[in-house]
Amino acid sequence: MHETIKDDAERKQVTVLFADVSGSMDLAEQEDPEEWREIMQRFFSTLADTVTRFEGTVDKFTGDGIMAVFGAPVAHEDHARRACYAALQMLEDVAEYAGELRREKGLNFSTRIGINSGEVVAGAIDGGGGSSYTAIGHTVGLAQRMEALAEPGKAYLTESTAELARGYLDLRDLGEFEIKGASRPVQVFELAGVGAARSRLDLARERGFSSFVGRAAELAQLEAALERTKSGEAAAIGVVAEPGIGKSRLYLEFAQRCRTEGVEVFEAQAQAHGKSIPFMPILQMLRSFYGIGDGDAEQLAREKIAGRSLLLDPAFAADLPLIFDFLGVPDPERPVPQMNPEGRQRALGDFICRLVSNPARKKVLVLIVEDLHWIDEGSQTMLNGLVEGMTGTPTLVLVNYRPEYTPAWAEAEVFETIALQPLSRADTAKLLRDLAGEDPSLDGIDEPIHARTGGNPFFIEEIVRELAEAGFLLGERGSYRLARPIEDAGVPVTVQAVLAARIDRLDPASKQLLQVASVVGKEVSGEALRLTVDLDEEELAGAVAELIEAGFLYEAEIYPQRVLAFRHPLTREVAYGTQLASQREATHAAAARAMIELEPPDRHDELAALIADHLKQGGETLEAARWSARAAHWAGHSRPRDAMRLWHEVMELSGQLEENEETDALGIASRLAQIQFAWRVGMDLEEQAELLDEAEVIADRRGDLHSLVLLRMSASGRPGLQLHTDEWLQHVEEMNRMADQAGDPHLQVAIRAAGAYAYLIAADFAGFERALDEIVELADGDITIGSGIILNTPLAWAEMGKGMAHREQGNLDGAESHFQRALEIAAEAGDPETASWVRSNQAGLMALRGDVEGALSVARRNCELTERIGDVFSRSLAIANLAWAHLAAEEYQEALDSIKEADRTYREAMKIGGEMEAWRSQLRARALAGVGRTEEAVAEAEWAVRTSEERGLRWSLPIALLALGRTRHAAGREGAVEALEEALEVAKETSAHTCLVDIEDQMALIGAGNPG
Ligand SMILES: Nc1ncnc2c1ncn2[C@@H]1O[C@H](COP(=O)(O)OP(=O)(O)OP(=O)(O)O)[C@@H](O)[C@H]1O
Ligand SMILES: [Mg+2]
């Protein structure tokens, strides 16, 4: 097993509360220290009890107060609310005690409270004399500042807490304050009391519900149960699902339907912090049954209770004192008979049962109890009794709860469960239309949001809100437009709170496993987990089982090996975010080592990028650079964009390391490789120049002649530079000499392969063939010689080049067999790039030979294959050749479209037109003439001629002149014959026989006086 650093501290989202006695120093002077200690003792224990009651942790006593944390060590999704409720309770309790002290001792004393929410690092800190659990971070400091700011007797909180507690609590905005230690002014609120909202749905109601989507089958199931109830058959249904899936919303919709039909519905819900307030749900239920409002006077409440009960059955009269008392409106004239708490509870339960099962009740009753997972024991017992006793009465009990809970009557015959599923893709899309709108800019958001949220409507709503708040979405709710890509949006704090709380409820081993898995990846093999996590076999198996059972992970594959995957990407993000950076780093490194150890070496190339990423995150920079380089090589010319990115990564990583032979070599290789990809996929010219300079500095320092030659070649002799051809040739010849001096056949071949192209562009066919022959001779049949340095397979390129030379000089059969050979070599070398170039040429050759259908089909297929490589140079070439085939087929509009696309593709990436721009331009001129836009055609052909002349592109010059002759003729303009004569002259000079034949044909056509 690999070593992992163990530190139990975690990053957590919490709410921190500070409370102190204001003016305590003055107070201390007035009192005897012993008495003072007693007062403080009582004060502290009041505060501490309240913290405990709301399941917070007393972090420390501060001398005149306390610091408490809500949400750590165990996360609570409602940590902010708990802190606020605790604060209200403290203010009340302290005020009461202070009143006492004022009356009895004439002491004046009050408390101040400060609250703030956010991330802390929570864990044991060893202060020398033993360790204690504490929370550390900016969040803590700001909470303390809130306390200092608060007026006596008040609780102040920040915007961060307000965001989580708003609606549930009544907050008074005090405006912005400059706070020491905070870079920006802080929005401060005073805690004024309890708010109107009790649940998330209350909050949603206030904001405006999103329109209800899906759930047809579930509503039908509820309707069916209601129908059965109407015929006197009691039923109970439990909806079970993770937080936010829509349990409450489903019941809300159903309750509305019931009420429209005139069916009475009574609701109650257990509260997260409610275990400490016994019978809350039952109280709610009874209040709603009797129609008692919050503001009702006691007398009125009693009248309502008595009225409804006695109407149902006069025998209930005996129960009234008990019910009055239970509902907090005791009747002074009718005191409750003495009984112990158990007896009282039993009597109450019994009363409720009789109420529900009373034969006088004919009307259907729907009772909804929400969030049973939080229910207190007393309420639970009463509810159990109610369900048992309701048989044969028109009663429908609807409950809901989260998966970790199972109701006691789960086995009962009347009981059905509905496991509510996340929203489907289509329903997610519907919900998003409602929340975000239909602006075209939102077209791509459904898929990523569905994937991220796993179809959880609460997460969807919160993410949309977060996106709007963070400026990813602009405009109003329901009509947003997307301002920037949503990929890097964070997890909303509200969602984080829910997920962190679920994670914290896990067994420690399961939680540890989940955290490790979140570092390893979206999908993790069982074996990799075994090697990365610090658990024994049995613990591991147990943890995996719990995580699957609880719906965090699922088995994505079981054969040939077990692969576990995260069900929700957000869970992974939260589990990842809860770990300390140092812990994550160790796990990343362990994950990389596990992969290297577990995976067969023949998969290492394929996994290299992933391994490199883990190593990088694991802080092992040199290893990361090595594996990135391996991944870059592997991506090679089949995936040039990936290769470019990976080489960039190698450069960055090696730059962070100390200079030595290896890091220098990586520094040079990564820059050279990026420059080689620059003419294939495009790169800013300035960035290219910078890379060249940096590499040259390193190569100079090392006296690395080999690299210097390649760098010079890249700077001045490679394709894609805006040079005059003569200048280009000069550079190429000099590079050849330098390479020969170095005497390395790989370098010689690589340099020649890149340089040979210049001769073709210059229409120096003899020079072209000479360079190609030299390649063949130096390689001596070995296709690996000089490969992958500049061009991928120099030998394949040499064969292709010879084919091109033959084609230009009129030997079409020879061209064909060379192309065939080139394709074979490229296939053997596994080189899709050169293969694409060859197929481009094959299509062109077929067009020349009049095999129009063949040309079109090869060119089309080639475009398709080339698309997959993703590089601009090959793509543009393939599309231009398709245009050529369309011209041969006299499909002028298609030709025009293709050539436009080819030219745009190249120019967009490269910012310039490259050495083929005049050739592309003459194709366009011909296409324009073909569709009848003859004036534009002439202008285009003129541009092709001028560009060829100015840049010495002698290969495209006669072709451009020929196009000029043709288009002038088609436009009925002067000078057609002159252009053709000039074309003839140039073609003869350069022995471009194939072009010559075309020119002569065209001249004959014109000479015969047959226009167009
Ligand atoms: N079918 C739906 N169509 C549209 N919005 C929905 C749907 N279901 C749920 N929502 C919205 O998603 C949010 C969360 O739903 P709800 O509160 O019902 O979840 P829950 O399962 O009850 O969660 P919890 O376990 O936390 O109580 C609410 O704002 C609700 O309006
Ligand atoms: Mg709910």
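Cut-offs and rules
Residues numbered from 1 in each chain as written. Chains lettered and ligands numbered in written order. Predicted model: local features only at pLDDT ≥ 70, side-chain atom pairs only at ≥ 80, totals over all residues. Heavy atoms only, no water. Helix = DSSP H or I, 4+ residues; strand = E, 2+ residues; numbered from the N terminus. Rg over C-alpha atoms; globule rule 2.2 N^0.38 Å. Buried < 20%, exposed > 50% of the residue type's maximum accessible area, 1.4 Å probe, protein only. Areas by Shrake-Rupley, 256 points an atom, 1.4 Å probe, with all protein chains shown as cover. Lys, Arg positive; Asp, Glu negative; His and termini not counted. Charge placed at Lys NZ, Arg CZ, Asp CG, Glu CD. Pairing = 2+ DSSP bridges. Axes fitted to C-alpha atoms, helices over the stretch in contact; angles between N-to-C directions. Contact = heavy atoms within 4.5 Å. Phe/Tyr/Trp six-rings, centres within 6.5 Å; stacked < 30°, edge-to-face > 60°. Lys NZ or Arg CZ within 6 Å of the ring centre and 35° of its normal. Parallel < 35°, antiparallel > 145°, perpendicular 65-115°, else oblique. Left-handed = near helix turned anticlockwise from the far one by under 90°. Nonpolar A, V, L, I, M, F, W, Y, C, P; charged D, E, K, R; others polar. Expected span 1.5 Å × (residues − 1). Polar contact = N/O pair within 3.5 Å; in protein donor to acceptor, adjacent residues only side chain to side chain. Near = heavy atom within 4 Å. Right-handed = clockwise from strand over helix to strand, strands pointing away. Salt bridge = Lys/Arg side-chain N within 4 Å of Asp/Glu carboxyl O. Core = buried A, V, L, I, M, F, W, Y, C linked by side-chain atoms within 4.5 Å. pLDDT = per-residue confidence, 0-100.

Remarks on the overall build of the chain
And then number 1: Across its full length, the chain holds 42 helices and 18 strands.
And then number 2: The C-alpha radius of gyration computed for the chain amounts to 40 Å, which surpasses the reference 31 Å derived for 1012 residues by more than 25%, pointing to a less compact arrangement than a globule.
And then number 3: Every one of the 1012 residues in the chain was classed for burial, and the buried ones make up 56%.
And then number 4: When the accessible area of the chain is evaluated, it comes to approximately 43,600 Å², of which 49% is carbon and sulfur surface.
And then number 5: Computing the positive centroid from 101 side-chain charges and the negative centroid from 169, the chain places the two 4 Å apart.

Remarks on the sheet that holds strand S12 (residues 395-401)
And then number 1: Taken in spatial order, the 5 strands make up an open sheet running S10-S11-S12-S9-S13, and their pairing is parallel. With partners counted over all chains shown, the strands left at the sheet margins are strand S10 (264-269) and strand S13 (415-419), one partner each. Strand-to-strand twist of the sheet, defined as the mean angle between neighbouring strand axes without regard to direction, takes the value 15°.
And then number 2: Relative to S12, strand S11 (residues 365-370) runs parallel, the two sharing 5 bridges. Note on S12: the bridge partner recorded for Val366 is Leu396.
And then number 3: Packed onto the sheet, helix H8 (residues 247-260) meets strand S9 (235-240), S10, S11 and S12 and runs at close to 160° relative to S12.
And then number 4: Across the face of the sheet, helix H9 (residues 280-290) comes into contact with S10 and S11 while running at roughly 155° to S10.

Here we look at the packing of aromatic side chains
And then number 1: Tallying each qualifying case throughout the model produces 21 aromatic pairs.
And then number 2: Relative to Phe61, the ring of Phe44 lies with its centre 5.1 Å away and its plane at 55°, an arrangement referred to as tilted. Residue Phe44 is found in helix H2 (residues 33-53), and its partner Phe61 is found in strand S2 (residues 57-61); the two are separated by 17 residues along the sequence.
And then number 3: Classification of Phe44 as buried rests on a relative accessible area of 15%.
And then number 4: Residue classification places Phe61 among the partly exposed residues on the basis of a relative accessible area of 47%.
And then number 5: The ring of Tyr168 has Arg81 lying over it, and the distance from NZ or CZ to the ring centre is 3.6 Å.

Looking at the sheet that holds strand S18 (residues 563-566)
And then number 1: Read from one edge to the other, the open sheet built from 3 strands follows the order S16-S18-S17, with strand pairing classed as antiparallel. Across the chains shown, the open sheet's two edge strands, defined by having one partner strand only, are strand S16 (523-525) and strand S17 (553-557). In this sheet, neighbouring strand axes are inclined to one another by 35° on average, regardless of whether the strands run parallel or antiparallel.
And then number 2: Relative to S18, S16 runs antiparallel, the two sharing 3 bridges. The partner of Ser525 across the bridge, within S18, is Val563.

Describing the packing of helix H14 (residues 425-436) against helix H15 (residues 446-453)
And then number 1: Packing of H14 against H15 brings their axes to within 10 Å, and their N-to-C directions diverge by 115°. For the element pair H14 / H15, the angle class is roughly perpendicular. Both H14 and H15 take part in a crossing whose hand is right-handed. Across the interface between the two elements, Arg425, Thr428, Ala429, Leu432 and Arg433 from H14 touch Asp446, Glu447, Ile449 and His450 from H15.
And then number 2: Looking at the contact of H14 with H15, its residues break down into 3 nonpolar, 2 polar and 4 charged.

Let's talk about helix H16 (residues 457-469)
And then number 1: With 13 residues, H16 should cover 18 Å at 1.5 Å per step; its first-to-last C-alpha distance of 18 Å lies within 8% of that length.
And then number 2: For H16, the set of buried residues is Pro457, Phe458, Phe459, Ile460, Glu462, Ile463, Val464 and Leu467.
And then number 3: The residue sitting at the N-terminus of H16 and contributing the capping side-chain oxygen is Asn456; that oxygen lies 3.0 Å from the backbone nitrogen of Phe458.
And then number 4: Within two residues after H16, Gly471 carries a phi angle of roughly 80°, on the positive side.

Observations concerning the site of ligand 1
And then number 1: What surrounds ligand 1 is a group of 22 residues, the closest being Arg200, Gly244, Lys247, Ser248 and Glu461.
And then number 2: Here a nitrogen atom of ligand 1 and a backbone polar atom of Val213 are 2.8 Å apart.
And then number 3: Arg249 places a main-chain nitrogen or oxygen 2.8 Å from an oxygen atom of ligand 1.
And then number 4: Starting from 630 Å² of accessible surface for ligand 1 in isolation, the protein chains cover 98%.

Structural notes on the packing of helix H37 (residues 892-910) against helix H38 (residues 917-930)
Each pair of packed helices can be summarised by the angle the axes make with each other and by the distance between the axes.
And then number 1: Between H37 and H38, the least distance of the axes is 8 Å, while the angle of their chain directions is 155°. Between H37 and H38, the interaxial angle falls into the category roughly antiparallel. For the crossing formed where H37 meets H38, the hand is left-handed. In this structure, H37 uses Tyr892, Ala895, Leu896, Ile899, Lys900, Ala902, Asp903, Tyr906 and Arg907 to contact H38, whose residues at the interface are Glu917, Arg920, Leu923, Arg924, Arg926, Ala927, Leu928 and Gly930.
And then number 2: Here the contact of H37 with H38 is built from residues that sort into 9 nonpolar, 1 polar and 7 charged.

Comments concerning the pairing of S11
And then number 1: When you tally the buried positions in S11, you get 6 out of 6 residues, the bulk of the element.
And then number 2: Looking at chain direction, S10 and S11 are connected through 6 bridges and run parallel. Looking at S11, one finds that Phe266 is bridged to Leu367.
And then number 3: Note that the unit made of S11, helix H13 (residues 377-389) and S12 has a crossover that is right-handed.

Examining unusual backbone geometry
And then number 1: Following Ala72, the chain continues to Pro73 via a peptide bond in cis, the omega torsion being 0°.
And then number 2: Mapped onto the elements of the fold, Pro73 is located in the loop between strand S3 (65-70) and helix H3 (79-105).
And then number 3: Of note, the phi angle at Lys911 is positive, near 70°, even though the residue is not glycine.
And then number 4: Relative to the assigned elements, Lys911 resides in the loop between H37 and H38.

Considerations on the environment of Met382
And then number 1: Here Met382 lies in helix H13.
And then number 2: Note on Met382: relative accessible area 6%, which makes it buried.
And then number 3: What Met382 contacts, discounting residues up to four positions off in sequence, is Phe279, Ile282, Gln345, Leu348, Gly349 and Ile352.

Remarks on the pattern of salt bridges
And then number 1: In total, this model carries 79 salt bridges according to the counting rule given.
And then number 2: As a salt-bridge pair, Arg465 and Glu469 come within 4.0 Å of each other at their nearest N and O atoms. Here the residue Arg465 and the residue Glu469 both occupy positions in helix H16, the gap between them amounting to 4 residues, near one helical turn.
And then number 3: The closest approach of N and O atoms between Arg645 and Asp642, which form a salt bridge, is 3.7 Å. With Arg645 and Asp642 both in helix H25 (residues 640-655) and 3 residues apart, the pair spans about one turn of that helix.

Some thoughts on the side chain of Glu218
And then number 1: Structurally, the position occupied by Glu218 is in helix H7 (residues 216-230).
And then number 2: Here Glu218 occupies a buried position and makes no salt bridge, while the nearest side chain of opposite charge, Arg215, is found at 4.4 Å.
And then number 3: Excluding residues that lie within four positions of it along the chain, Glu218 makes contacts with Leu250, Ile418 and Leu420.

Some remarks on the nonpolar core
Across soluble globular proteins, nonpolar side chains show a tendency to be buried alongside one another.
And then number 1: In terms of nonpolar packing, the biggest core is built from 150 residues, with Ile751 and Phe768 touching the most fellow members.
And then number 2: Filtering out sequence-adjacent residues up to four positions away, Phe768 remains in contact with Ala756, Tyr757, Tyr759, Leu760, Trp797, Gly801, Met804 and Ala805.
And then number 3: By size, the runner-up hydrophobic cluster in this structure holds 52 residues, among which are Ile449, Phe459, Ala509 and Ala528.

Here we look at the confidence of the model for the chain
And then number 1: On average, residues of the chain score 89 in pLDDT, and 97% of them reach the 70 mark or higher.
And then number 2: Low pLDDT, under 50, characterises residues 1-6; the predicted model gives this stretch 15 contacts beyond four residues in sequence or across chains.
And then number 3: Long-range and interchain partners of residues 1008-1012, a stretch whose pLDDT sits below 50, account for 4 contacts in this model, where long-range means more than four residues apart.

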